[in-house]
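# Breakdown of the fold
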Amino acid sequence: GTSGTGPQEVQMKKMTVMPNPVSTISPEINMSGFVVNDIGQHAKVRLHDLNGFSVAEFDIILGEQNRITLPSFAGLYYMQVVTAKNRYGAMIAVQ
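Residues numbered from 1 in each chain as written. Predicted model: local features only at pLDDT ≥ 70, side-chain atom pairs only at ≥ 80, totals over all residues. Heavy atoms only, no water.

### Comments concerning the pattern of salt bridges
Going through the model one piece at a time under the given rule, you end up with 4 salt bridges. Between Glu57 and Lys44 there is a salt bridge; the shortest N-O distance is 3.5 Å. Highlighted residues: Glu57 in strand S5 (residues 54–61) and Lys44 in strand S4 (residues 42–49), separated in sequence by 13 residues. In this structure Glu57 comes out as partly exposed when scored by relative accessible area, which is 45%. We classify Lys44 as partly exposed; its relative accessible area is 24%. As a salt-bridge pair, Glu57 and Arg46 come within 3.4 Å of each other at their nearest N and O atoms. Placement of the pair is Glu57 in strand S5 and Arg46 in strand S4, with a sequence separation of 11 residues. (Salt bridge = Lys/Arg side-chain N within 4 Å of Asp/Glu carboxyl O. Helix = DSSP H or I, 4+ residues; strand = E, 2+ residues; numbered from the N terminus. Buried < 20%, exposed > 50% of the residue type's maximum accessible area, 1.4 Å probe, protein only.)

### Considering the sheet that holds strand S3 (residues 28–32)
Taking strand neighbours across the sheet as the criterion, the 3 strands line up as S2-S3-S6 in an open arrangement whose pairing is antiparallel. Either end of the sheet is taken by a strand with one partner, and the two such strands are strand S2 (16–18) and strand S6 (66–69). Strand-to-strand, the axes of this sheet are offset by a mean angle of 30°, without reference to chain direction. Relative to S3, S2 is paired through 3 bridges, and the arrangement is antiparallel. For Met18, the partnering residue across the bridge sits in S3 and is Asn30. (Pairing = 2+ DSSP bridges. Axes fitted to C-alpha atoms, helices over the stretch in contact; angles between N-to-C directions.)

### Quick notes on the environment of Leu76
Here Leu76 lies in strand S7 (residues 75–82). Among the residues examined, Leu76 registers a relative accessible area of 40% and is labelled partly exposed. When the C-alpha atoms of Leu76 and Asp49 are compared, they prove to be 6.6 Å apart, with 27 residues separating the residues in sequence. Excluding anything up to four places from it in sequence, Leu76 contacts Asp49, Leu50, Met91, Ile92 and Ala93. (Contact = heavy atoms within 4.5 Å.)

### What to know about the sheet that holds strand S8 (residues 87–94)
Pairing is mixed in the open sheet, where 5 strands are placed in the order S1-S8-S7-S4-S5. Here the strands that pair on one side only, and so sit at the sheet edges, are strand S1 (12–14) and S5. Sheet twist, expressed as the mean angle between neighbouring strand axes with direction ignored, is 30°. Direction of pairing for S1 relative to S8: parallel, over a ladder of 3 bridges. The residue bridging Lys13 from the neighbouring strand is Tyr88, located in S8.

As C-alpha cells, then:
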C-alpha cells in the first residue's frame, strides 16, 4: 500500500491589489499583503479570465510592494501569486 504522504494542499491567502478597478489606459497595479517569509522569494504571477484561460504570466521577486503592468483588455480577472510555500489570490477588474 501507499503511505498517503502526497503534496499538501496550500491554503489560499488574500493579497491586496491597488488600484482595483484599474484603467485600461494605464493598467499598472501594486500588489501587497505577502507574508514576511515570502519577501525576497521568487514568485509566479498568473492572470486568468473567468473562463480559466491564462491571459498573462510573470516571474517576479516579491518585495513589500510589487508593481506590475496588466494586459490592457477590459474585463474581470483572477490573479494568483505562487511562491514555494504559499499561494495568494485576488480578483481584479480592468476597465
